[in-house]
Amino acid sequence: MNFIAPLSTELLLIEAENESLYLSLIEQINKDFNLANEGIDFPKSITPEELKIQLHEKIYRMIQYKFAEYLNLLYIIDVSEEEIKKLDGSDVVVLAEQVAFLILKREWQKVWFRNKYK
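Residues numbered from 1 in each chain as written. Predicted model: local features only at pLDDT ≥ 70, side-chain atom pairs only at ≥ 80, totals over all residues. Heavy atoms only, no water.

Draft legend 1. Layout of the overall build of the protein. Secondary structure assignment for the protein yields 6 helices and 0 strands. When the helices and strands of the protein are listed from N to C terminus, the series reads α-α-α-α-α-α. At 14 Å, the protein has a C-alpha radius of gyration in line with the 13 Å of a compact globule built from 118 residues. Based on the C-alpha atoms only, the size of the protein along its principal axes is roughly 35 × 30 × 25 Å. For the protein, the residues scored as buried account for 40% of the 118 residues in total. (Helix = DSSP H or I, 4+ residues; strand = E, 2+ residues; numbered from the N terminus. Rg over C-alpha atoms; globule rule 2.2 N^0.38 Å. Buried < 20%, exposed > 50% of the residue type's maximum accessible area, 1.4 Å probe, protein only.)

Draft legend 2. The arrangement of a nonpolar patch on the surface in detail. Taken together, the side chains of Leu7, Leu11 and Ile14 make up a nonpolar region of the molecular surface, amounting to roughly 330 Å² of accessible area. Tracing the sequence through the fold places leucine 7 in the segment before α1 (9–18). (Patch = residues over 30% accessible without salt bridge, like charges linked within 9 Å, V, L, I, M, F, W, Y side chains within 5 Å. Areas by Shrake-Rupley, 256 points an atom, 1.4 Å probe, with all protein chains shown as cover. Salt bridge = Lys/Arg side-chain N within 4 Å of Asp/Glu carboxyl O.)

Draft legend 3. View of unusual backbone geometry. Phi angles above zero are rare outside glycine, and asparagine 37 is one such case at about 60°. For asparagine 37, the position within the fold is in the loop between α2 (22–35) and α3 (48–65). Of the residues examined, asparagine 37 reaches a relative accessible area of 67% and is grouped as exposed. In this model, aspartate 78 sits at a positive phi of 75°, which is unusual for a non-glycine residue. Mapping aspartate 78 onto the fold places it in the loop between α4 (67–77) and α5 (81–86). Relative accessible area serves as the criterion here: at 44%, aspartate 78 is assigned to the partly exposed category.

Draft legend 4. Representation of the packing of α1 against helix α6 (residues 92–116). One can describe the packing of α1 onto α6 by two numbers: an axis separation of 10 Å at closest approach and a directional angle of 25°. Put simply, α1 runs roughly parallel to α6. Crossing angle aside, the handedness with which α1 passes α6 is left-handed. Along its contact with α1, which presents Thr9, Leu12, Glu15 and Ala16, the element α6 presents Phe101, Leu104, Lys105, Trp108 and Trp112. Per-class residue counts for the contact of α1 with α6 are 6 nonpolar, 1 polar and 2 charged. (Axes fitted to C-alpha atoms, helices over the stretch in contact; angles between N-to-C directions. Parallel < 35°, antiparallel > 145°, perpendicular 65-115°, else oblique. Left-handed = near helix turned anticlockwise from the far one by under 90°. Contact = heavy atoms within 4.5 Å. Nonpolar A, V, L, I, M, F, W, Y, C, P; charged D, E, K, R; others polar.)

Draft legend 5. Structural detail: the pattern of salt bridges. Summed over all chains, the structure comprises 10 salt bridges. Residues glutamate 38 and lysine 66 are paired through a salt bridge, measuring 2.9 Å at the closest nitrogen-oxygen approach. Remark: lysine 66 occurs in the loop between α3 and α4 and glutamate 38 occurs in the loop between α2 and α3; sequence separation between them is 28 residues. On the basis of relative accessibility, which here comes to 32%, the residue lysine 66 falls in the partly exposed class. It is possible to trace a salt-bridge network through shared partners that takes in Asp32, Glu107 and Lys110.

Draft legend 6. The arrangement of the nonpolar core in detail. Counting 35 residues, the largest nonpolar core has Phe33, Leu51, Ile59, Ile103 and Trp108 as the members making the most contacts within it. Only α1, α2, α3, α4 and α6 provide two or more residues apiece to this core. Among the elements that line this core, the one with the most residues is α6, at 11 residues. Dropping the residues within four chain positions of it, tryptophan 108 is found in contact with Phe3, Pro6, Leu12, Glu15, Ala16, Glu19, Leu21 and Leu25. (Core = buried A, V, L, I, M, F, W, Y, C linked by side-chain atoms within 4.5 Å.)

Written out as structure tokens, the structure reads:
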């Protein structure tokens, strides 16, 4: 069974919920942000919509004010450098949304593989 990356944040979060892996996804995000010394502590009760909004805001603030930490976070999460380079950085709000999706996609991939091959 091959991993197929969802095409949007919404579809990704629906898939995570459908596979009962949404809480694992939240834990993975919290863990990797903490590894990057960017303490983020999404509660397990957070809704998918809130997760999307708060992650977007966090990435936006990091791009604006903590760029070195932002790059470190991408490295720790292991977001594809190629995919990042393809993004248009002219609008930081849009960029932050796209990067938040890439982060979610990578974190979801980790959770998905761990679940399939445990």
